[in-house]
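If you want the building blocks of each chain, they are given just below.
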Amino acid sequence: MNTTSEIGLEQTWRWFGPDDSISLSHIKMAGATGIVSALHHLPNGEVWTLEEIEKRKQLIDKSGLNWSVVESIPVHEDIKKRTGRYHEYIRNYKQSLLNLAHFGIDTVCYNFMPVLDWTRTDLTFELTNGAQALRFDACKFAVFELFLLKRKGAELAYSKQQLEEAEELHQNMSKADKKLLVNNIIAGLPGAEEGYTLHQFQAVLDEYSNIGSNELRANLLDFLKEVIPVAEEANILMAIHPDDPPFSILGLPRIVSNLHDLQKVIGVVDSPNNGLCFCTGSLGVRSDNDLVQIIKELGHRINFIHLRSTSRDKSGNFHEAEHLDGDVNMYEVMKKLLEEQQNRIHNRRLDYRMPMRPDHGHKMLDDLSKETNPGYSAIGRLKGLAELRGLELGIKMAMS
Ligand code: DNO
């Protein structure tokens, strides 16, 4: 059995595939051993064939790294709405899991957020040190839905003061500012397989007009009832990613935003294969989410970990902070996660690997002049990983 100082969370890195400007050899230099990847070129809903999986796996194997986690097999919108071809898409999802299992890939992340995977208003928010971060600005978001999208009923989500502030901001925005804002929100951030035009976007939102939280939760339950038994048979650990941001936007339901939601998700199909992606950045945006408490209650069902921090204010704005700064108490989180890993080893659980990736990173240094995937530049994540690794080592030494 490994000693305390030898083990630790598996250090992984998200790689978007052969088109990613960051190469596998660079990832290796960053010190990650596991790769988090997905077949982004396949349309949502299609089966991930053995051939396509094998091609990706061979590339990763050749670099001496290990394809540790799939992030994500996207859940088709028809499944979330239980309309159209959802039967076929669920069948395909199950087949993709079986095909991944054929190559020994055992962890799959997904989310159940309607329409948008994750949402930010600014992709180049300048920090005081000159680096750039991703940011969600509540007032800009209000401008988007009130004046650019012109969503019916959007004004009901805002107070009089918020409406006035949004109106003023809108008046001061140039045409280019508005275009950029729309683009940032609906053109699809990295990992989101869908991008929309403004016109398409409203049509897609309308399809959710009769779907509230209860309906969406029922649809997730139906999905899990079908998929988890297959994941069990295939030895695949499923990891649902929390909502980002973890509150309702655009009048859409949200069902994976806090402890209570997470308990419901994993309670409906009680299986170790039905687990969580513990994303400190997403959950940490809410001041009523106690991250350490979530690990205490649900740590045994954490199948994948995203570590990052955010800095929020009282107006609903947040930006992505340094990995060890901001509102997330990364020391306490890391300590609890390492304790959870110790428990797993102690209880002879096979899933003690606990893959974690430094989530997002600031755009800085040489990356500032490069074209990079928002949130996924090399140097910011390298820094995040290095800091997390140091924190982990310190805690491990103190524990042993
Ligand atoms: C953003 C990511 C998300 C995540 C999906 C998981 O950076 O955390 O895109 O991959 O929501 O399905």
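From a predicted model like this one, the values you see are computed outputs, not experimental measurements.

(A) Inspection of the pattern of salt bridges at higher detail. Using the criterion set out here, one finds 32 salt bridges in the structure. A salt bridge links E71 to R357; the shortest N-O distance between them is 2.9 Å. Linking E71 in strand β3 (residues 66–71) with R357 in strand β12 (residues 355–358), this pair joins segments that are 286 residues apart in sequence. For the pair E71 and R357, one class covers both residues: buried. Between E339 and K336 there is a salt bridge; the shortest N-O distance is 2.6 Å. Taken together, the positions of E339 and K336, both in helix α13 (residues 330–346) and three residues apart, correspond to about one turn of that helix. One salt-bridge network, in which partners are shared between bridges, spans R14, E71, R120, D244, R308, E320, R357 and D359.

(B) Spotlight on the pairing of β12. Where burial is concerned, the two faces of β12 agree: the one with P355 and R357 and the one with M356 and P358 are both buried. When strand β1 (residues 10–14) meets β12, the two strands line up parallel, connected through two bridges. Looking at the pairing, E10 lines up with P355 of β12. Two strands pair when backbone bridges link them, and strand β9 (residues 302–307) and β12 are joined in this way by three bridges, in the parallel orientation. The residue of β12 that forms the bridge with I305 is M356.

(C) Layout of the domain arrangement of the chain. Looking at the chain, the domain boundaries give domain 1 (4–118 + 204–399) and domain 2 (122–193). Taken over C-alpha atoms, the centre of domain 1 sits 26 Å from the centre of domain 2. Across the boundary between the two partners, domain 1 contributes 30 residues, which contact 25 residues of domain 2. Counting the surface lost from both domain 1 and domain 2, the interface buries some 2,200 Å², and carbon and sulfur atoms represent 65% of this. Ranking the residues of domain 1 by area buried against domain 2 places W118, L250 and H319 at the top, with a combined share of 24%. Connecting domain 1 to domain 2 are four residue pairs in polar contact (both at pLDDT 80 or more).

(D) Layout of the sheet that holds strand β7 (residues 237–241). Here we have eight strands rolled up into a closed barrel, ordered β1-β2-β3-β4-β7-β8-β9-β12, and parallel in their pairing. Across this sheet, the average inter-strand angle for adjacent strands is 30°, counted without regard to direction. Across the face of the sheet, helix α2 (residues 50–62) comes into contact with β2 (34–37) and β3 while running at roughly 135° to β3. Running over the sheet, helix α10 (residues 259–268) touches β7 and β8 (274–279) and is turned about 155° from β8.

(E) Inspection of the packing of aromatic side chains at higher detail. Within this structure, the stated rule accounts for 11 aromatic pairs. Relative to F141, the ring of F136 has its centre 5.3 Å away and its plane inclined at 35°; by these criteria the two rings are tilted. Given a relative accessible area of 2%, F136 falls into the buried group. With a relative accessible area of 2%, F141 lands in the buried category. Seen from their ring centres, Y196 and F201 are 5.7 Å apart, and the 55° between their planes marks the pair as tilted. Each of the two residues, Y196 as well as F201, counts as buried. Ring-pair connections join several aromatic residues into one group, and the members of that group are F136, F141, F144, Y196, F201, F247 and F318. The lysine or arginine in question, R135, covers the ring of F125, its NZ or CZ lying 4.7 Å from the ring centre.

What counts, and at which threshold
Residues numbered from 1 in each chain as written. Predicted model: local features only at pLDDT ≥ 70, side-chain atom pairs only at ≥ 80, totals over all residues. Heavy atoms only, no water. Salt bridge = Lys/Arg side-chain N within 4 Å of Asp/Glu carboxyl O. Helix = DSSP H or I, 4+ residues; strand = E, 2+ residues; numbered from the N terminus. Buried < 20%, exposed > 50% of the residue type's maximum accessible area, 1.4 Å probe, protein only. Pairing = 2+ DSSP bridges. Domains from an automatic or database assignment. Contact = heavy atoms within 4.5 Å. Buried area = accessible area lost by both parts, 1.4 Å probe. Polar contact = N/O pair within 3.5 Å; in protein donor to acceptor, adjacent residues only side chain to side chain. Axes fitted to C-alpha atoms, helices over the stretch in contact; angles between N-to-C directions. Phe/Tyr/Trp six-rings, centres within 6.5 Å; stacked < 30°, edge-to-face > 60°. Lys NZ or Arg CZ within 6 Å of the ring centre and 35° of its normal.

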